[in-house]
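If you want the building blocks of each chain, they are given just below.
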Amino acid sequence: MPVKRSIITVLALALATVSLQAGAHRAWIKPALSHVEGGNAWVTVDGAISDDLFEIDHMPLKLDGLVITAPDGASVPAPTSVSGRQRTSFDLNLAQSGTYRISVVTATVMASYKDAASGETKRFRGSREAFEKEVPAGAAELVTSAMHSRLETWVSANKASSGALKPSGVGLEMVPLTNPTELVAGETAKWRFQLDGKPLPNFAFSLIPGGVRYRGVLGEMRLVTDTKGEVSVKLPVAGAYWLNARFPVASEAGGPEQLRATGNRYSYAATFDILPD
């Protein structure tokens, strides 16, 4: 049934009876604080793949594609990280006042083609750069597909700002029209989803609160963008949340018709705090 109101109440859409699923590994990055005060501000950031959201219980997250965007919109060198058995951590110096975006971006190309010399089918999996070097140009029976993923979180030093919130225009992205370090329970946040810079209308995504092991249910909330690829969300109770989206997505029974598969796969996940009112 089409959405008739511009503001979607998250709690009304919460699937509160969804049971926990064993082996549901989720990747995330999370700063210790979403807002830091001080003249020489620092924040510790953890990354992991876990069974329960924000619990250190499975394996560390690889940070090969770590990108730090400063409040002025420029990229700054990624700090050195330390990887343990179950998590990866780094300390980030917030030298500028304003909002930083912390992203882990990965892109993988998969291909099969016929080797000109042997006639055998060859397979490739790796980066775009490696693909261009290792797979012969004009290879016979070449079939390619790509996987692009983005993990994000944000932290503000002393004040919120918008310079780091601009999208890259590559892959699946959530554009925060409301600063993600200024989310307050009961207020409304506005987000836009886009794929390679183009808005995604009628696009379904999930929002899951942390603390799963204390509830005994996942508590997943399903939301859908409007015709402009935007959604206005009345924010639920305070806590840490994980937003997750994939393209293409399967059609939801009774929901809007979803876009068709392109042969490429995209994923997006973000972590943010909702503060008490």
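Below, the structure is looked at part by part. Please read these numbers as outputs of a predicted model, since none were measured by experiment.

### Considering the packing of aromatic side chains
Inference 1: Using the criterion set out here, one finds 8 aromatic pairs in the structure.
Inference 2: Arranged with centres 5.6 Å apart and planes meeting at 55°, the rings of tryptophan 191 and phenylalanine 272 form a pair that is tilted. Of this pair, tryptophan 191 sits in strand S15 (residues 188-195) while phenylalanine 272 sits in strand S21 (residues 265-274), and the two are 81 residues apart along the sequence. The pair formed by tryptophan 191 and phenylalanine 272 is uniform in burial state, with each residue classed as buried.
Inference 3: Among the aromatic residues, those joined into a cluster by ring pairs are Trp191, Phe193, Phe203, Phe205, Tyr268 and Phe272.
Inference 4: The ring of phenylalanine 54 carries the charged tip of lysine 30 above its face, separated from the ring centre by 6.0 Å.

### Let's talk about the pattern of salt bridges
Inference 1: Under the counting rule described, the total for this entry stands at 9 salt bridges.
Inference 2: Note that glutamate 173 is salt-bridged to arginine 150, the shortest N-O span being 3.9 Å. Placement of the pair is glutamate 173 in strand S14 (residues 172-176) and arginine 150 in strand S13 (residues 140-157), with a sequence separation of 23 residues. You'll find glutamate 173 and arginine 150 in the same group, each marked buried.

### Overview of unusual backbone geometry
Inference 1: In this model, phenylalanine 247 is joined to proline 248 through a cis peptide bond whose omega is 0°.
Inference 2: Phi is positive for asparagine 158, close to 70°, though the residue is something other than glycine.
Inference 3: As for its placement among the helices and strands, asparagine 158 is situated in the loop between S13 and S14.
Inference 4: When its relative accessible area of 29% is taken as the criterion, asparagine 158 is described as partly exposed.
Inference 5: Its identity as a non-glycine residue notwithstanding, aspartate 196 has a phi of 50°, on the positive side.
Inference 6: Counting through the fold element by element, aspartate 196 comes out in the loop between S15 and strand S16 (198-199).

### Section: the side chain of threonine 99
Inference 1: Secondary-structure assignment places threonine 99 in strand S11 (residues 98-114).
Inference 2: One polar contact links threonine 99 to serine 156, side chain to side chain, over a distance of 2.6 Å.
Inference 3: Side chain to side chain, threonine 99 and asparagine 179 meet in a polar contact 3.1 Å long.

### Brief notes about the pairing of strand S20 (residues 239-247)
Here is the key point about a regular strand: its side chains alternate between the two faces of the sheet.
Inference 1: Across the 9 residues of S20, 7 count as buried, placing the element largely inside the fold.
Inference 2: Looking at chain direction, strand S17 (residues 204-209) and S20 are connected through 4 bridges and run antiparallel. If you follow proline 209 over to S20, its bridge partner there is tyrosine 241.
Inference 3: When S20 meets S21, the two strands line up antiparallel, connected through 9 bridges. Looking across to S21, one finds that tyrosine 241 is bridged to phenylalanine 272.

### Considering the environment of aspartate 51
Inference 1: Take aspartate 51: it is sitting in the loop between strand S5 (41-50) and strand S6 (59-60).
Inference 2: Residues aspartate 51 and alanine 27 lie 24 residues apart in sequence; the distance between their C-alpha atoms is 9.2 Å.

### A word on the environment of glycine 126
Inference 1: Tracing the sequence through the fold places glycine 126 in strand S12 (residues 121-126).
Inference 2: Take glycine 126: its relative accessible area is 18%, and that puts it in the buried class.
Inference 3: Counting along the chain gives 15 residues from glycine 126 to alanine 111, while the straight-line C-alpha distance between them is 9.2 Å.
Inference 4: Dropping the residues within four chain positions of it, glycine 126 is found in contact with Ala107, Thr108 and Val109.

Definitions and limits used
Residues numbered from 1 in each chain as written. Predicted model: local features only at pLDDT ≥ 70, side-chain atom pairs only at ≥ 80, totals over all residues. Heavy atoms only, no water. Phe/Tyr/Trp six-rings, centres within 6.5 Å; stacked < 30°, edge-to-face > 60°. Helix = DSSP H or I, 4+ residues; strand = E, 2+ residues; numbered from the N terminus. Buried < 20%, exposed > 50% of the residue type's maximum accessible area, 1.4 Å probe, protein only. Lys NZ or Arg CZ within 6 Å of the ring centre and 35° of its normal. Salt bridge = Lys/Arg side-chain N within 4 Å of Asp/Glu carboxyl O. Polar contact = N/O pair within 3.5 Å; in protein donor to acceptor, adjacent residues only side chain to side chain. Pairing = 2+ DSSP bridges. Contact = heavy atoms within 4.5 Å.

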